[in-house]
Amino acid sequence: MSRTRYTRRLPAAAVVAGLALALAACGSEGTGAGGAPAASADKLDPNADLKQQSLNITIWDGYSPSDLPARVKQKLGFDIKIAIHDTNETAMAKLTASEDSGFDVSFVSGQYAQALNEQGLLEPLHHELIPNLANLFPEASELSYDKGNKFSVPYTWGTTGICYRSDLVKTPPTSWNDILNPPAEYDKKVTMMTTERWLALPALKSLGYSINTADDGQLAKAKELLLKAKKRVIYDDTTFGDRLKSGETVMAEAWDGWCPENEKNIKFMVPKEGSDLWADTMVIMKSSKNKEAAHAFINYILDPEIHSWLSENIMYKAPNKAAMEKVNPAVVQSFPSLKMSPADLLQGESIIDLGADSAKYTRMATEVAAQQ
C-alpha cells in the first residue's frame, strides 16, 4: 500500500480572494444568497451516447487509481485524460485562466469549490444523473460550504488534530495548548503547520473562536498566541510524520490521514476544544461540453468498489457509507482514525471561503513568519 505525500492542502488563502476579485472585475456573474449556484443548470440528456464524449480532469497526484482511465473506458465507454495539480492554487489558476479552462471535472477542496461556484464557474449538479449519491452518508450533504451538494460532491473528508508519540510524551495531549505551550522539555520537539488556515487553527480553537472568524480582535489574540509559540516549535507541513517516526519530535499538528498511525506508539487525537472538518470535492465546470459524461464519471467514482480505494491507499476517509464498509478491516485496524464516524467529523467546523477576508489570514501568517 502506498502513502504518497501531498501538498494538496497548502493554500495561500489570499489567492482565492484575489481570483474572486479579479473575476468579479471581469464581469462574472455573482452568486445568489447563501452561495446558491450563480447560473442555472443546463438541460442534459440522460440518454446521451457517452461514447461520443470525453473528459479532461485535474486532480492531485496519487489521489486516484493509476489505471482509472482504463477502468472508465471499459465501464463507461469514453476516454478521460488526467492532469495533475499539486495545490489548490494550481488548480484554481488552471480553472480561472480563461472563460473555458478546457477541464470538465476538477478535484478541489471544499472552500475552493465554494469560491468557484460563487463566480458562476460550476455546473449545478443534476442529482438524477448521479444515483450513487445514495451511497453517501447523510452527513455528507450537511457541509456548510455546500449544503445539499448543489454544486460539489465530497470525495474525501477528515479533520486536524495532534499526532504524537505515546512512548515519548509523559502525558498524552488533550488540548491545542499542548501544542502551543508544550512542557519545557519538548521545546523544538513539536511541529505546527504554516499553511494559513491551519497555522491559525490551534490558536483560534484554544481561545474558543471560530476557525472562519474575520473579527480583527480575535485574530489579533490568536496571532499573539502564535508568536509566543513560535519560539518553541518547528514549522513543518509535509514531513512531520517522518520526524515523529524518527523520534526527532514528539507531537505534531496533523491532518488525520497524514498521521502514521500504523507505526508503533504513534497515535492521533482531536483536542477537546474541537477542530475543523475539511473536505475535498468533485465539481463539474460550467464550460464543459461533456456534462453527461462528467456526471457519469462522478457517479462511477461513488461506486463502493472504486471509492473504497481511497481509504485503502491514502488512508483518508470516504464520505461514502457503502465504500467504507468495503475497506479492508486490517487497514482500519492499522489506521484507527478511519473509524471516526460522520457524527464525530461533523463536530468540527467546515472550512469555508472567506473572500476578501482571507487576506487577514495571509497577513497574520506573514507576520508570524517574519517575527524573529
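Placed above this text is the structure.
Residues numbered from 1 in each chain as written. Predicted model: local features only at pLDDT ≥ 70, side-chain atom pairs only at ≥ 80, totals over all residues. Heavy atoms only, no water.

### Concerning the pattern of salt bridges
Where we set the bar: What makes a salt bridge here is a side-chain nitrogen of Lys or Arg within 4 Å of a carboxyl oxygen of Asp or Glu, nothing more.
According to the stated counting rule, one finds 20 salt bridges in the structure shown. As a salt-bridge pair, arginine 243 and glutamate 248 come within 2.6 Å of each other at their nearest N and O atoms. Taken together, the shared-partner salt bridges connect Asp42, Glu123, Lys286 and Lys291 into one network.

### Regarding the sheet that holds strand β7 (residues 234-235)
Formally: Strand pairing follows a simple DSSP-based rule, namely that at least 2 bridges must link the two strands. Here a strand is any run of E in DSSP of at least two residues, a helix any run of H or I of at least four, and the numbering for each starts at the N terminus. Should any heavy atoms of two residues lie within 4.5 Å, those residues are counted as being in contact. All axes here are fitted lines through C-alpha atoms, helices being fitted over the stretch that makes contact, and every angle between N-to-C directions spans 0 to 180 degrees.
Spatially, five strands are ordered β7-β6-β8-β5-β9 in an open sheet, and the strand pairing comes out mixed. At either margin of the open sheet sits one strand with a lone partner, and together these are β7 and β9 (266-269). Here strand β5 (residues 160-165) runs beside β9; their pairing, made up of four bridges, is antiparallel. For cysteine 163, the partnering residue across the bridge sits in β9 and is phenylalanine 268. Sheet contacts for helix α6 (residues 196-206): β5, β6 (190-192), β7 and β8 (251-255); angle to β8, the most-contacted strand, approximately 120°.

### Quick word on the packing of helix α2 (residues 68-76) against helix α9 (residues 291-301)
What counts here: Orientation labels follow simple angle bins: below 35 degrees gives roughly parallel, above 145 gives roughly antiparallel, 65 to 115 gives roughly perpendicular, and whatever is left gives oblique. Charged residues are taken to be Asp, Glu, Lys and Arg, nonpolar residues to be Ala, Val, Leu, Ile, Met, Phe, Trp, Tyr, Cys and Pro, and polar residues to be all remaining types, Gly included.
The interhelical angle for the contact between α2 and α9, taken along N-to-C directions, is 110°, at an axis separation of 11 Å. By the angle between their directions, the pair α2 and α9 is classed as roughly perpendicular. Judged by residue contacts, Leu68, Arg71, Val72, Lys75 and Leu76 of α2 engage Ala296, Phe297, Tyr300 and Ile301 from α9. The residue inventory of the contact of α2 with α9, partitioned by class, reads seven nonpolar, no polar and two charged.

### A few points about the packing of aromatic side chains
Given two aromatic rings, their pairing is described by the distance between the two centres and the angle made by the two planes. Rule in force here: Two rings belonging to Phe, Tyr or Trp (six-membered ring only in the last case) form a pair when the distance between their centres is within 6.5 Å. Interplanar angles under 30 degrees mark stacking, angles over 60 mark edge-to-face geometry, and anything in between is tilted. Whether a residue is buried, partly exposed or exposed follows from its accessible area with a 1.4 Å probe, protein chains only, as a fraction of its type maximum: under 20%, in between, or over 50%, in that order.
Across all of its chains, the model carries 10 aromatic pairs by this definition. Look at tryptophan 60 and tyrosine 63: their rings are 5.0 Å apart centre to centre, the planes differ by 70°, and that puts the pair in the edge-to-face class. Each member of the pair tryptophan 60 and tyrosine 63 is classed as buried. With a centroid separation of 5.8 Å and an interplanar angle of 85°, the aromatic rings of tryptophan 198 and tryptophan 255 are classed as edge-to-face. Here tryptophan 198 is found in helix α6, whereas its partner tryptophan 255 is found in strand β8, with 57 residues between them in sequence.

### Regarding the side chain of glutamine 111
If you trace the backbone, glutamine 111 turns up in helix α4 (residues 110-118). You can call glutamine 111 buried: its relative accessible area is 9%. Sequence-distant contacts of glutamine 111, that is, excluding residues within four places in its chain, are made with Trp198, Ile351, Ile352 and Asp353.

### Considerations on the state of the cysteines
To keep it simple, the criterion reads: Two cysteine sulfurs form a disulfide in these notes if their separation is within 2.5 Å.
Counted by the stated rule, this structure contains one disulfide. Paired through a disulfide, cysteine 163 and cysteine 259 show a sulfur-sulfur distance of 2.1 Å. Taking the torsion about the sulfur-sulfur bond, which here is approximately 75°, the covalent link between cysteine 163 and cysteine 259 counts as right-handed. Separated by 96 residues along the polypeptide, cysteine 163 in strand β5 and cysteine 259 in the loop between β8 and β9 bring together distant segments of the chain. Like cysteine 259, cysteine 163 is buried.

### Focus on the nonpolar core
As a reminder, the rule being used: Among the buried residues, those of types Ala, Val, Leu, Ile, Met, Phe, Trp, Tyr and Cys that are joined through side-chain atoms within 4.5 Å form a nonpolar core.
Core analysis: the largest hydrophobic core is formed by 92 residues, its most contacted members being Leu55, Phe78, Phe107, Met251 and Phe297. Here this core takes seven residues from α9, the largest share from any one element. Once residues lying within four places of it in the same chain are set aside, the contact partners of leucine 55 are Phe78, Asp79, Ile80, Lys81, Asp104, Val105, Asn290, Ala293, Ala294 and Phe297. Judged by nonpolar contacts, the second largest core, of 14 residues, contains Tyr112, Leu122, Val283 and Met285.

### A look at the environment of proline 69
Structurally, proline 69 is set in helix α2. The exposure class assigned to proline 69 is partly exposed, which follows from its relative accessible area of 28%. Sequence separation between proline 69 and lysine 81 is 12 residues, and the spatial gap between their C-alpha atoms is 7.1 Å. Proline 69 has contacts with Ile80 and Ile82, leaving out every residue within four places of it along the chain.

### Things to note about the environment of alanine 140
Mapped onto the elements of the fold, alanine 140 is located in the loop between α4 and β4 (153-158). Assessed through its relative accessible area of 0%, alanine 140 is described here as buried. In sequence terms alanine 140 and threonine 156 are 16 residues apart; their C-alpha atoms lie 9.8 Å from each other. Leaving out residues up to four positions away in the same chain, alanine 140 has contacts with Asn149, Pro154, Trp157 and Pro319.

### Here we look at unusual backbone geometry
Positioned with a positive phi, asparagine 149 is a non-glycine residue whose angle comes to about 50°. On the secondary structure map, asparagine 149 appears in the loop between α4 and β4. A relative accessible area of 6% places asparagine 149 in the buried class. Non-glycine residue methionine 315 carries a positive phi angle of around 60°.

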